[in-house]
Amino acid sequence: MSRLEAKKPPLFISEPLTKDTVSQSLSLLSEILKSCYGPAGRLKQLHNGVGGYVCTTSQSSAILGRLSVSHPILSVLMASVQNHICRFSDCGLFTAILCCSLIENFKSLNVASCTVIKISKHLLSLCMDYLKSEACGCRVSVDFSILETLLCLVRSILTSKPACMLNKPEVDHLTMLILKAFMFTVPCHVETNAVLGKCIIVPVKGRRVVDSTVLPGLLIETPEIQLAKPLAVKRTCSNMIKIALFCVSMSGDLFNPEEGTITVHHGISLEMSEVNQLLNVGKQLVNDEVGLVVCQKVIHPSLKQYLKENHVIAVDRAGLSVMEPLSRMTGSKPIASIHSLSPSCYGSLKDVRLESFASKHFVHLIPDDTVVCSLILCNRNETAWDELKRACETAEHVLQLTVKEPLALLGGGCTETHLASYIRHKSCSLSTSSFKDLDCSRTQYQLVADGFCRSLESVACSLNHDDGEILTDMVYGHCWLVPSGFPSVSNWSDLVSKCGCGINGNTENLNWRLLQGQFGSPIIQGCPKDPSVKVADFLTLDCFAAKCSGLQVALETANLILDLSYIIEDQN
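Remember, it's a predicted structure, so these values are computed and weren't measured experimentally.

Participant: So what about the overall build of the protein chain? Which residues, and what values?
Facilitator: When its secondary structure is counted, the protein chain shows 15 helices and 20 strands. A buried classification covers 51% of the 572 residues belonging to the protein chain. By sequence separation, contacts in the protein chain at least 24 residues apart represent 75% of the contacts at least 6 residues apart. Surface exposure of the protein chain reaches about 26900 Å², of which carbon and sulfur atoms provide 52%. Between the mean site of the 50 positive side-chain charges and the mean site of the 54 negative ones, the protein chain shows a separation of 1 Å.

Quick look at the structure:
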């Protein structure tokens, strides 16, 4: 078939970062994300052009997943941040804001991009070496035998999500529940390759947050089971309940014609043949002393009735999501065919109970060794519940990451300003040989280092949404937020009580300076001190692994974008 019009040549766009449309788009994206940052972040409502579901959120996972961008540079940035979120769940806004700020600050420098990239990689290595050293003054060791630090870590995640609409008692209640749920998923018997269990979130919308609770084991919603009837379940001689788990339909459906042809002799009923086969499976289950049958799909009413008469509980329509945790919790192997049933596929349970929450009825499966638990999560409405679910999943993932690397970083902007203070100090004390290795001048290094530090400080400044002032002290390099309504010439000691993370109080002369408006020239900074106190009741903490990754992803993505010389666009 011939073309109706001539094929257009590809469009070559040189030096894309110099184009006004790109700068404006990056600036707009940065402002959107900055306005969402922190506990006082502003909410965003996202919906498509023809209506439909409206998402109210300030979380990066929800915002970036629903924002559509057309420019390739923005697509690269968002894909990079989304990949970070998939791996770590936390610090998505930090990563995106820092990346945008690095691009903006670096491209304004009169330094070749290849030189900027080399120097920024060196700065990143200084940061990572410092964060992983014992001398780091912005990290906290996490001891899993001490609850306070873990509670601070979870509480910091919940309080940074304003769309959850939680008050302090609700935050405290959920913090304890999430931590309790996580402890359920930690194996009691540690093996060489220990694997954490799973927390299943059960939705209950339209109820108070404080009605939320956590139960060991698994809840499966079963509307047809009535609570009024006593639950009689068959047990083995060891007082355990044997369970069979089916991942195949047991509805008695006829042969699928798409799979081929089948020859049926005269007088044979396919329907009765299928039902008889199901009843034979039921007889074998009864003979094998199975007390509970769970089917991912549908169970035929005749088989249900037969199992019920023999004191076997049948639960169908369990769904795919519970199959893996249920198999792991009970030790059962999902049975994929009703024509081959092996007793080795059975698992066991300690107990089965009926539970009711709000208007929902559940079968509660209780294992002998708990590695799976159910978090019954309540909130006032669907929008707030969706946001709370995302926050709880993030908190669970952060705790899992913290098990692997039991460290946390100070939150509230303090890690960013502390790192900026450290880099300013280190950049002033580098030897001449370091500049030769990087093939740059001292001036170039100082310019790039200052742009790097300003980018870190701009993330801390994003926590301020009420026109207040942002300070950093010259002793510890921490971030301090001053309420709005006070002139810049005020005595700062009278206006601040604690730094952003809560570890430092206003008990000494800390020699503050404003973060905003003093970016004209590099600032001489002494090496920031390590706070003498490492544990407080209400510290704001960030996930160590997530923030370290976010720092690396932000810089590497910014360098990739800075290094773009051409964009080739197909116009056909």
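What follows picks up the thread again.
Participant: Could you give an account of a nonpolar patch on the surface, naming the residues involved and the relevant values?
Facilitator: Where nonpolar side chains cluster on the molecular surface, the patch consists of Phe12, Tyr566 and Ile568 and spans about 380 Å² of accessible area. Along the chain, Tyr566 falls in strand S20 (residues 566-569). A residue is classified by how much of its surface remains accessible, and Tyr566, at 53% relative accessible area, is exposed.

Participant: Explain the environment of Thr236 to me, and be specific about the residues and the numbers.
Facilitator: Mapped onto the fold, Thr236 is located in the loop between strand S7 (218-221) and strand S8 (241-246). Judged by its relative accessible area of 14%, Thr236 is buried. For the pair Thr236 and Glu289, spaced 53 residues apart in sequence, the C-alpha to C-alpha distance is 6.4 Å. Ignoring anything within four residues of it in the chain, the contact list for Thr236 reads Lys242 and Glu289.

Participant: Describe the pattern of salt bridges, and please don't skip the residues or the numbers.
Facilitator: Taken as a whole, this structure holds 20 salt bridges when the rule is applied. One salt bridge in this structure joins Lys168 and Asp172, with 2.9 Å as the shortest N-O distance. Here Lys168 and its partner Asp172 are both found in helix H7 (residues 168-184), four residues apart, which amounts to about one turn of the helix. The class for Lys168 is exposed, based on a relative accessible area of 53%. With a shortest N-O distance of 2.9 Å, Lys547 and Glu416 are connected by a salt bridge. Placement of the pair is Lys547 in helix H15 (residues 544-562) and Glu416 in helix H12 (residues 414-428), with a sequence separation of 131 residues. What makes Lys547 buried here is its relative accessible area of 4%. Taken together, the shared-partner salt bridges in this structure form one network comprising Arg424, Asp450, Arg454, Glu457 and Arg513.

Participant: Could you give an account of the sheet that holds strand S19 (residues 541-543), with specific residues and numbers?
Facilitator: The strand order across the open sheet built from three strands is S4-S15-S19, with neighbouring strands paired in antiparallel fashion. The strands lining the two open edges of the sheet, one partner per strand, are strand S4 (139-141) and S19. In this sheet, neighbouring strand axes are inclined to one another by 40 degrees on average, regardless of whether the strands run parallel or antiparallel. Sheet topology note: the strand S15 (residues 407-410)/S19 ladder contains three bridges and is antiparallel. By the bridge assignment for S19, Leu409 is matched with Asp542.

Participant: Can you break down the sheet that holds strand S16 (residues 469-473) residue by residue, with the values?
Facilitator: Reading across from one edge, S17-S16-S18 is the order of the three strands in this open sheet, with antiparallel pairing throughout. Looking at which strands have only one partner, the edges of the open sheet turn out to be strand S17 (479-482) and strand S18 (512-514). Across the sheet, the axes of successive neighbouring strands diverge by a mean angle of 35 degrees, strand direction being ignored. Both S16 and S17 contribute to a ladder of four bridges, which runs antiparallel. Pairing of Ile470 across the sheet is with Leu481, part of S17.

Participant: Can you lay out the packing of aromatic side chains for me, pointing to particular residues and giving the numbers?
Facilitator: Inspection of every chain in the model, using the stated rule, returns five aromatic pairs. Between the aromatic rings of Phe144 and Phe182, the centroid separation amounts to 6.4 Å while the plane-to-plane angle is 40 degrees, which identifies the pairing as tilted. One end of the pair, Phe144, is in the loop between S4 and helix H6 (147-159); the other, Phe182, is in helix H7, and 38 residues separate them in sequence. Exposure remark for Phe144: the relative accessible area of 27% places this residue in the partly exposed category. What makes Phe182 buried here is its relative accessible area of 2%. Relative to Tyr445, the ring of Phe435 lies with its centre 5.6 Å away and its plane at 65 degrees, an arrangement referred to as edge-to-face. Within this pair, whereas Phe435 is found in helix H13 (residues 432-438), its partner Tyr445 is found in helix H14 (residues 442-461), the two being separated by 10 residues in sequence. For Phe435, a relative accessible area of 6% corresponds to the buried category. Given the relative accessible area of 0%, Tyr445 is considered buried.

Participant: Could you give me a rundown of the nonpolar core, with the residues and numbers involved?
Facilitator: Where a protein is soluble and globular, its nonpolar side chains tend to be buried together. The biggest cluster of nonpolar side chains holds 128 residues, and the ones touching the most others in it are Leu131, Tyr445, Phe452 and Leu551. Those residues within four positions of Tyr445 in sequence are excluded, and the remaining contacts are Ile119, His122, Leu123, Leu126, Ser427, Leu430, Phe435, Leu438 and Cys440. With 23 residues, the next largest nonpolar core counts Ile220, Val294, Ile313 and Val371 among its residues.

Participant: Outline the packing of H12 against H14, listing residues and values.
Facilitator: Two numbers describe how H12 lies on H14: the axes approach to 8 Å, and their chain directions differ by 170 degrees. Taken together, the axes of H12 and H14 are roughly antiparallel relative to one another. Taken together, the residues of H14 that come into contact with H12 (itself represented by Glu416, Thr417, Leu419, Ala420, Ile423, Arg424, Ser427 and Cys428) are Arg442, Tyr445, Gln446, Ala449, Asp450, Phe452, Cys453, Arg454, Leu456, Glu457, Val459 and Ala460. Residues of the contact of H12 with H14, tallied by class, amount to 11 nonpolar, three polar and six charged.

Here is what the cut-offs are and how they apply
- Residues numbered from 1 in each chain as written.
- Predicted model: local features only at pLDDT ≥ 70, side-chain atom pairs only at ≥ 80, totals over all residues.
- Heavy atoms only, no water.
- Helix = DSSP H or I, 4+ residues; strand = E, 2+ residues; numbered from the N terminus.
- Buried < 20%, exposed > 50% of the residue type's maximum accessible area, 1.4 Å probe, protein only.
- Contact = heavy atoms within 4.5 Å.
- Areas by Shrake-Rupley, 256 points an atom, 1.4 Å probe, with all protein chains shown as cover.
- Lys, Arg positive; Asp, Glu negative; His and termini not counted.
- Charge placed at Lys NZ, Arg CZ, Asp CG, Glu CD.
- Patch = residues over 30% accessible without salt bridge, like charges linked within 9 Å, V, L, I, M, F, W, Y side chains within 5 Å.
- Salt bridge = Lys/Arg side-chain N within 4 Å of Asp/Glu carboxyl O.
- Pairing = 2+ DSSP bridges.
- Axes fitted to C-alpha atoms, helices over the stretch in contact; angles between N-to-C directions.
- Phe/Tyr/Trp six-rings, centres within 6.5 Å; stacked < 30°, edge-to-face > 60°.
- Core = buried A, V, L, I, M, F, W, Y, C linked by side-chain atoms within 4.5 Å.
- Parallel < 35°, antiparallel > 145°, perpendicular 65-115°, else oblique.
- Nonpolar A, V, L, I, M, F, W, Y, C, P; charged D, E, K, R; others polar.

Keep in mind that these numbers describe shape and distance, not what the molecule does.
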